[in-house]
Amino acid sequence: MTIEYKKRLAIVGESATIDDADLFWDWLMKNPKGRIDLSACTYLHTVILQLIMASTVKIKAWPADTELHSIMETAINNQGV
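Anyway, here's the lowdown on the structure attached to this text. (Residues numbered from 1 in each chain as written. Predicted model: local features only at pLDDT ≥ 70, side-chain atom pairs only at ≥ 80, totals over all residues. Heavy atoms only, no water.)

1. Here's the deal with the overall build of the chain
Here is the rule we go by: Strands are runs of DSSP state E lasting at least two residues, helices are runs of H or I lasting at least four, and both sets are numbered from the N terminus onward. Based on C-alpha atoms, the radius of gyration is set beside the globule rule, defined as 2.2 Å times the residue count to the power 0.38. Whether a residue is buried, partly exposed or exposed follows from its accessible area with a 1.4 Å probe, protein chains only, as a fraction of its type maximum: under 20%, in between, or over 50%, in that order. In what follows, residue pairs with any heavy atoms lying within 4.5 Å of each other are defined as contacts. The positive count covers Lys and Arg only, the negative count covers Asp and Glu only, and His and the chain ends enter neither. Charged side chains are reduced to one point each, which is NZ for Lys, CZ for Arg, CG for Asp and CD for Glu.
From N to C terminus, the chain includes 3 helices and 6 strands. Each helix and strand of the chain, placed in order from N terminus to C terminus, yields the pattern β-β-β-α-β-β-α-β-α. For a compact globule of 81 residues, the expected C-alpha radius of gyration is about 12 Å, and the chain comes in at 11 Å, within 12% of that figure. Burial statistics for the chain: of 81 residues in total, 35% are counted as buried. Sequence separation of 24 or more characterises 56% of the internal contacts of the chain that already satisfy a separation of 6 or more. One finds the centroid of the 8 positive side-chain charges in the chain at a distance of 17 Å from the centroid of its 10 negative side-chain charges.

In structure tokens form, the structure reads like this:
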């Protein structure tokens, strides 16, 4: 499993693939005030990014990978523009 789930925290490992999408979506729906730790993430499938964007969760820690951090922050901050 590439995503570890706590009560209100999802910790994304090095990669989050499309295989993680269903369980991740279930967690997001059950934890609308949850938070996500992406600090170890270096690869994120676009469906996972879209699920994050469609949710109300907060990012606890952005990816340490500066390119992925930049892409994600831009996408999330420019929603609906």
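After that view, the rundown keeps rolling.
2. Some remarks on the side chain of Asn31
The topology assignment puts Asn31 in the loop between helix 1 (21-30) and strand 4 (35-37). You can call Asn31 buried: its relative accessible area is 10%. Excluding residues that lie within four positions of it along the chain, Asn31 makes contacts with Lys7, Arg8 and Val57.

3. Remarks on the pattern of salt bridges
A side chain with one charge may pair with a side chain of the opposite charge, provided their charged atoms come close. The cut-off we apply is this: Counted as salt bridges are all cases of a side-chain nitrogen of Lys or Arg within 4 Å of a carboxyl oxygen of Asp or Glu.
One pass over the full model with this rule turns up 1 salt bridge. The salt bridge partner of Lys6 is Glu4, with a shortest N-O separation of 3.0 Å. Residue Lys6 is classed as partly exposed on the basis of its relative accessible area, which comes to 44%.

4. Let's talk about helix 2 (residues 46-54)
How we decide: This arc is built from the directions going out from the helix axis to the C-beta atoms.
For helix 2, the set of buried residues is Ile48, Leu49, Leu51 and Ile52. Relative to the axis of helix 2, the buried residues are bounded by an arc of 160 degrees and lie together on one face. Turned more than 90 degrees off the buried face of helix 2, the exposed positions are Thr46 and Ala54. Packed against the buried residues of helix 2 are strand 3 (15-16), helix 1, strand 4, strand 5 (43-44), strand 6 (58-61) and helix 3 (66-77).

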